Amino acid sequence: MSTGELNIPSTVKDPHYRYKMPKIQIATQGSGNGIKTNWINLPEVSNALKVPLLYPIKFIARELGSNTETKSNSYLINGSHDAEQMQKLLDKFIKKYVLCPKCHLPEIHGKVRVGKKNEIKSTCRSCGATCKLDSEHSFASYIRSEPPPYEKEAEYSTGKKDEKKMDSKLKKNIKECCLNLASVINDDEKYIEKNVGEIKKFIAKYNFNLECKFYCFSFAIFPDEIYTKTFLKRLPLIKYFIENESENKPEEALYNLLIGFIDKIFSRQKGENQKYVSSVLYYLYDKDILKEDFWLKYLNGTIQEKYSSMFRIEEGEKKMKEAAKDFSNWIENGPYEGEEENTNEKKEEKKEEKEEEKKEEKKEEEEKKEEKDEDDNEEKGKKKGKKKKGKKKKEKEKEEKEKKEKEKKEKEKKEEVKEETKEEVKEEKKEEKKEEEEINIDDI
């Protein structure tokens, strides 16, 4: 868990618990009797708890026996209070008016209402239990005077909106959000991260449930001219909100996004944009925002049965399915006509990529050739050196051989002279002996 987040409530110590809220951030203003505590991140905390903006601060003020003041986006409690003390009181509020009394999960948002006997009741989205909340606490009177918008089950009507009772305040907030949110969206790709924070902050102040939040977001994010570069630039924002702001219900969030799109294109425009519906859907699919299984379930009505919506119009859905025929056929069979432009663009991109790859390959080949030439030159130099060395060696060996042969010949010559001398000596001895014998004979 990051240092800036706590579980809902903070007494839950499981680090893998999926329900999170920001830590309370406060600042002290003024001095003496005029000192006040400013709850800096109240909108973010209220949004995480899925309760109306002022509920947490009103509850804590009553617990402290103090008054509150709201001005210029500052949320003040009279007196000096520390964050730890306020966090404990916030946990108390959560246990009384945010957690389901039966399963103890924060899943009663959009399902809290004031009954006929002024009892405060809730229906849990998680376990389905209908329970009573604390109607005796002094804060209960504030709930009765400022009840949260209650989300009833859909009451279907043929060919018209699936009406849910919407109080005048909620209608006003939805209209205001739809009209003004578009001005917060920045189409400069450099500021996407910053823009995400601005959009979240703008929507948070209305404390909408999932349905209202994504309807308003859809109405603002899709430009009036739906199939333009502006739409393409906004795809990362759409993907981010589906993945990170859908309260772990991406399918329901996507359905409400689609309803906002249908209402804008088929209820409030003359029809010139309807021919681009398949292309828009294709890009949503290409960026992994619109899933194939979702679209098939939407076509057969499974999605509509699963999630109710106060903004749904059956007639608009029929027009949508008709306008999206090419896309629907493509999902099952292959490319649709409106995809040709996208395909050509991709072909051009691939062509450019291939050309770049070829240039890189050519450059690599030239570098390798240069390296090879250097190696060859080096090798040639080595071989030349070896050749010269070998030549000298051979010359030396030849000289030594000639010398040995000369020495051998001289030796043989000496031997021959020696032999000849021996023979001469031998012959001389023979002659001498013969002479001696002749003398002896004469003596006799």
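What you see is a predicted model, and the numbers here were worked out from it, not measured in a lab.

Reading guide: rules and limits
- Residues numbered from 1 in each chain as written.
- Predicted model: local features only at pLDDT ≥ 70, side-chain atom pairs only at ≥ 80, totals over all residues.
- Heavy atoms only, no water.
- Helix = DSSP H or I, 4+ residues; strand = E, 2+ residues; numbered from the N terminus.
- Contact = heavy atoms within 4.5 Å.
- Areas by Shrake-Rupley, 256 points an atom, 1.4 Å probe, with all protein chains shown as cover.
- Pairing = 2+ DSSP bridges.
- Core = buried A, V, L, I, M, F, W, Y, C linked by side-chain atoms within 4.5 Å.
- Buried < 20%, exposed > 50% of the residue type's maximum accessible area, 1.4 Å probe, protein only.
- Axes fitted to C-alpha atoms, helices over the stretch in contact; angles between N-to-C directions.
- Parallel < 35°, antiparallel > 145°, perpendicular 65-115°, else oblique.
- Left-handed = near helix turned anticlockwise from the far one by under 90°.
- Nonpolar A, V, L, I, M, F, W, Y, C, P; charged D, E, K, R; others polar.
- Expected span 1.5 Å × (residues − 1).
- Bend = angle between axes of the 7 residues up to and from the residue.
- pLDDT = per-residue confidence, 0-100.
- Salt bridge = Lys/Arg side-chain N within 4 Å of Asp/Glu carboxyl O.

Points about the overall build of the protein
Okay, so step 1: Looking only at helices and strands, the protein has 15 helices and 9 strands in total.
Okay, so step 2: Considering only contacts in the protein between residues 6 or more positions apart, those separated by 24 or more positions represent 63%.
Okay, so step 3: Carbon and sulfur atoms make up 47% of the accessible area of the protein, which totals about 28400 Å².

Things to note about the pairing of strand 3 (residues 26-29)
Okay, so step 1: Direction of pairing for strand 3 relative to strand 4 (residues 36-39): antiparallel, over a ladder of 4 bridges. Bridging from a neighbouring strand, Gln29 pairs with Lys36 of strand 4.
Okay, so step 2: Here strand 3 hands over to strand 4 after 6 residues, with Gly30 in that stretch at a positive phi of 75°.

Comments concerning the nonpolar core
Okay, so step 1: The biggest cluster of nonpolar side chains holds 61 residues, and the ones touching the most others in it are Leu281, Leu284, Trp295 and Met320.
Okay, so step 2: Residue contributions to this core peak at 10 residues, all from helix 9 (residues 250-267).
Okay, so step 3: By size, the runner-up hydrophobic cluster in this structure holds 36 residues, among which are Trp39, Leu89, Ile94 and Val112.

Focus on the packing of helix 11 (residues 292-299) against helix 14 (residues 325-332)
The description of two helices packed together rests on the angle between their axes and the distance between the axes.
Okay, so step 1: Where helix 11 meets helix 14, the axes come as close as 11 Å, and the angle between the chain directions of the two elements is 125°. Looking at the two axes, helix 11 sits oblique to helix 14. For the pair helix 11 and helix 14, the sense of crossing is left-handed. Where helix 11 approaches helix 14, its residues Glu292, Trp295, Leu296 and Leu299 are matched on the opposing element by Phe327, Ser328, Ile331 and Glu332.
Okay, so step 2: Considering only residue class, the contact of helix 11 with helix 14 consists of 5 nonpolar, 1 polar and 2 charged.

Details of the sheet that holds strand 7 (residues 112-114)
Okay, so step 1: The strand order across the open sheet built from 3 strands is 7-8-9, with neighbouring strands paired in antiparallel fashion. Looking at the sheet topology across the chains shown, the edges are occupied by strand 7 and strand 9 (130-132). In this sheet, adjacent strand axes meet at a mean angle of 25° when their direction is disregarded.
Okay, so step 2: Where strand 8 (residues 120-123) meets strand 9, 3 bridges bridge the pair, whose relative direction is antiparallel. Within the sheet, the bridge partner assigned to Thr123 lies in strand 9 and is Thr130.

Points about helix 8 (residues 229-244)
Okay, so step 1: The end-to-end C-alpha distance of helix 8, which contains 16 residues, comes to 24 Å, matching closely the 22 Å that a straight helix rising 1.5 Å per residue would cover.
Okay, so step 2: Leu235 marks where helix 8 bends most, by close to 35°; the proline Pro236 follows one to four residues later.

So, the confidence of the model for the protein
Okay, so step 1: Overall, the prediction assigns the protein a mean pLDDT of 80, with 81% of residues at 70 or greater.
Okay, so step 2: This stretch, residues 336-340, has a pLDDT under 50; its non-local contacts, to residues over four places away or in other chains, come to 11 contacts.

A word on the pattern of salt bridges
Okay, so step 1: Summed over the entire model, instances satisfying the criterion amount to 16 salt bridges.
Okay, so step 2: Between Lys71 and Glu69 there is a salt bridge, with the nearest N and O atoms lying 3.6 Å from each other.
Okay, so step 3: Classification of Lys71 as partly exposed rests on a relative accessible area of 45%.
Okay, so step 4: Here Glu251 makes a salt bridge to Lys297, at a shortest N to O gap of 2.8 Å. Here the residue Glu251 occupies a position in helix 9, and Lys297 occupies one in helix 11, the gap between them amounting to 46 residues.

Focus: the pairing of strand 8
Okay, so step 1: Here strand 7 pairs with strand 8 via 3 bridges, running antiparallel. By the bridge assignment, Val114 is partnered in strand 8 with Ile120.
Okay, so step 2: Connecting strand 7 to the antiparallel partner strand 8 that follows it, the hairpin turn spans 5 residues, and Asn118 within it adopts a positive phi of roughly 60°.

As for helix 2 (residues 55-64)
Okay, so step 1: Of all the positions in helix 2, only Tyr55, Pro56, Ile57, Phe59, Ile60 and Ala61 are classed as buried.
Okay, so step 2: For helix 2, the elements touching its buried residues are strand 4, helix 1 (42-49), strand 5 (68-71), strand 6 (74-78), helix 3 (83-97) and helix 4 (140-145).
Okay, so step 3: Gly65 occupies a position one or two residues after helix 2 and carries a positive phi of about 70°.

Quick look at the sheet that holds strand 3
Okay, so step 1: Spatially, 4 strands are ordered 3-4-6-5 in an open sheet, and the strand pairing comes out antiparallel. Two strands lie at the open edges of the sheet, namely strand 3 and strand 5, each paired on one side alone. Strand-to-strand twist in this sheet, taken as the mean axis angle between neighbours without regard to direction, amounts to 30°.
Okay, so step 2: As paired elements, strand 5 and strand 6 share 4 bridges and run antiparallel to each other. Directly across from Thr70, in strand 6, lies its bridge partner Tyr75.
Okay, so step 3: Here helix 3 sits on the sheet and contacts strand 3, strand 4 and strand 6; the angle it forms with strand 4, its principal contact strand, is near 60°.

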